[in-house]
Every structure is written in structure tokens, then in C-alpha cells.
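# Structural overview
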Amino acid sequence: MKTNRLAILLLALAAACGGGAEKEAATAQEEQAVQEEVPAVVEVVIEANDQMKYNLDRIDVKAGQKVKLTLKHVGQLPVESMGHNWVLLKQGTDVAEFATAAINHKDNGYIDPAKADQVIVKTEMIGGGQETTIEFDAPEKGIYDFICTFPGHYSMMKGKFVVM
Ligand SMILES: [Cu+2]
């Protein structure tokens, strides 16, 4: 009798383990399916602060996605002294030259109208406690620069926007 009970117990354990392994395999398959499926819209939140910094220096999206990007100024300083924007530049743009030209164009959100054709998309300039959201179609696959064009900020506030 004792042996039979042990056998039953072992069988039960084996069945339980077998079921578990199948479950794991199914979960792995589901995960793979999720990875291959590209969501139509990707939401990105990037923060900027009173220390003249973004919290991201790289943003990854997939080609063909619609990007919903929110810039959040988590500081307290006003737009006049610590304004931030998020400007995505076309490939081949001389970032230093673009940012330097922007300094003289406060009334145009610190974008030189003569260089506006180098901008893929941009947010408005915001101050502490504010946020702004833009939506745009991801450009073609490649690596793009993003910067804040408030005078003196771009050397600290820049990053790569990667479309895969
Ligand atoms: Cu800034």
C-alpha cells in the first residue's frame, strides 16, 4: 500500500510539473507575439527641469508609428528664465549652428525662421509646472537629434531620437 501511494504521489507531481512547463511555453509564445506586434501609437513622456536637463537622452520608436510626445517641465522657474522646448531636427542639421541662430528669435519660440525647414517637429516653449503634447508620424528609420533651443541649453539638453 505504501508503495502505491508513493507512486500515485509521484504521478501527481509529474502531471503538475508537465502542466507547468506547457503553461510556460504558452506564455513565452504570447510574449514573442507581443514583441513582434508594433503598436500604432507610442506615447513618450520627457521631463525637463530647473537644472537645465531632460530626463532622457535617447528615445526609441518604430518606423510607421504615430508618436504622442509630452514634454513636462517639472521645475518651478518661469519660461522667461528657464524655458524648455523639444525640437526634433532633420538629419544633417548642424545642431550647434541651429541652436546659435535660435538665440535671436525669442518671439518665434527660439527658432530661427530661416532654419525652420530643418525642424521635423517641435513643441512650444514652456515654463515650470507646464506641459505640452504633440503628435506626429515617426520619420523614416534612422537616428535624429533633439534639443531644447532656449539660449544656452542645447549643450546640456540634447539627445537622440532613434527610429527602428
Ligand atoms: Cu531648455
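Starting from 1, residues in each chain are numbered consecutively following that chain's sequence as written. Only residues with pLDDT of 70 or above have their local features reported here, since the model is predicted, and side-chain atom pairs are shown and tallied only from 80 upward, although totals for entire chains, interfaces and linings are computed over all residues. Hydrogens and waters are ignored; side-chain quantities use all the structure's heavy atoms.

Looking up the protein in an unreviewed UniProt entry gives the name Blue (type 1) copper domain-containing protein, with the organism given as Thermaurantimonas aggregans.

Attention shifts here to the overall build of the protein. Secondary structure summary: the protein contains 3 helices and 8 strands in total. Numbering of helices and strands starts at the N terminus; helices are DSSP runs of H or I of at least 4 residues and strands are runs of E of at least 2. Helices (α) and strands (β) of the protein occur, in sequence order from the N terminus, as α-β-β-β-α-β-α-β-β-β-β. For every residue, the accessible area obtained with a 1.4 Å probe (protein chains only) is divided by the maximum for its type, and the residue is called buried under 20%, exposed over 50%, and partly exposed between those limits. For the protein, the residues scored as buried account for 34% of the 164 residues in total. The criterion used for residue contact is that any of the two residues' heavy atoms lie within 4.5 Å. Put simply, 72% of the contacts in the protein that link residues at least 6 apart link residues at least 24 apart. The Shrake-Rupley method, run with a 1.4 Å probe, gives the accessible areas here. Residue values count only the displayed protein chains as cover. Accessible area for the protein stands at about 10100 Å²; split by element, carbon and sulfur atoms hold 53% of it.

The next subject is the coordination of the copper ion. Here a donor is any nitrogen, oxygen or sulfur atom (N, O, S) within 2.8 Å of the metal, with 3.2 Å used for Na, K and Ca; water is not among the atoms considered, so some sites may look incomplete. For the copper ion, the full set of protein donor atoms is H84 (ND1), C148 (SG), H153 (ND1) and M157 (SD), and the range of their distances to it is 2.1 to 2.7 Å. Here the donor residues for the copper ion map to a single chain with the spacing H-x63-C-x4-H-x3-M. By the burial criterion, H153 is buried, and M157 matches it.

Only strands joined by at least two bridges in the DSSP assignment are considered to pair. In the sheet, strand β1 (residues 41–48) pairs with strand β3 (residues 66–73) via 8 bridges, with the strands oriented parallel. Along β3, the bridge assignment pairs E43 with K68. Where β3 lies against strand β6 (residues 131–137), 7 bridges are found, and the strand directions are antiparallel. Paired with V67 across the two strands is F136, which belongs to β6.

With that settled, the discussion passes to the sheet that holds β3. The 3 strands are arranged β1-β3-β6 in an open sheet whose pairing can be described as mixed. The strands lining the two open edges of the sheet, one partner per strand, are β1 and β6. Pairs of neighbouring strands in the sheet enclose a mean axial angle of 20°, with direction left out of account. Between the N-to-C directions of two axes lies an angle of 0 to 180 degrees, each axis being a line fitted to C-alpha atoms and, for a helix, fitted only over the stretch in contact.

Our next topic: the sheet that holds strand β4 (residues 87–89). With respect to topology, 5 strands assemble into an open sheet ordered β2-β8-β7-β4-β5, the strand pairing being mixed. Strands with a single pairing partner mark the edges of an open sheet, and in this sheet they are β2 (58–61) and β5 (119–122). Ignoring which end each strand starts from, the neighbouring axes of this sheet average 25° apart. Pairing geometry for β2 and strand β8 (residues 158–163), over 4 bridges, is parallel. Bridging across to β8, R58 finds its partner in K160. Sitting on the sheet, helix α3 (residues 95–102) touches β4, β5 and β7 (142–147), and the angle it makes with β7 is about 30°.

Once that is clear, we can look at the side chain of D112. Tracing the backbone through its elements, the reader meets D112 in the loop between α3 and β5. Despite its burial, D112 pairs with no opposite charge, the nearest such side chain being K115 at 5.4 Å. Those residues in contact with D112, other than ones at most four positions away along the chain, are A101, A102 and H105. Counting rule for charge: Lys and Arg are taken as positive, Asp and Glu as negative, and neither His nor the chain ends is counted. Any carboxyl oxygen of Asp or Glu that lies within 4 Å of a side-chain nitrogen of Lys or Arg is treated as forming a salt bridge with it.

Regarding α3, the residues found buried are V95, F98, A99, A101 and A102. Buried residues of α3, seen end-on, are gathered within an arc of 160° and therefore sit on one face of the element. Looking at the packing, one finds that the buried side of α3 touches β4, β5 and β7. Polar contact is defined as a pair of N or O atoms within 3.5 Å, subject to the rule that within protein one atom must be able to donate a hydrogen and the other to accept it, and that residues adjacent in sequence are counted only when both atoms are side-chain atoms. By the N-cap criterion, in which a side-chain oxygen at the helix start approaches the backbone nitrogen of a residue two or three places on, α3 is capped by D94, the distance to A96 being 3.2 Å. Of all possible arcs, the one meant is that of the directions from the helix axis to the C-beta atoms.

What follows is about the side chain of T149. Here T149 shows up in the loop between β7 and β8. On the basis of relative accessible area, T149 is assigned to the buried category, the value being 1%. At 2.8 Å, the side chain of T149 and the side chain of N85 are in polar contact. At 2.7 Å, the side chain of T149 forms a polar contact with the backbone oxygen of Y110. Apart from residues lying up to four places away in sequence, T149 is in contact with N85, V87, F98, A102, G109, Y110, I111 and M125.

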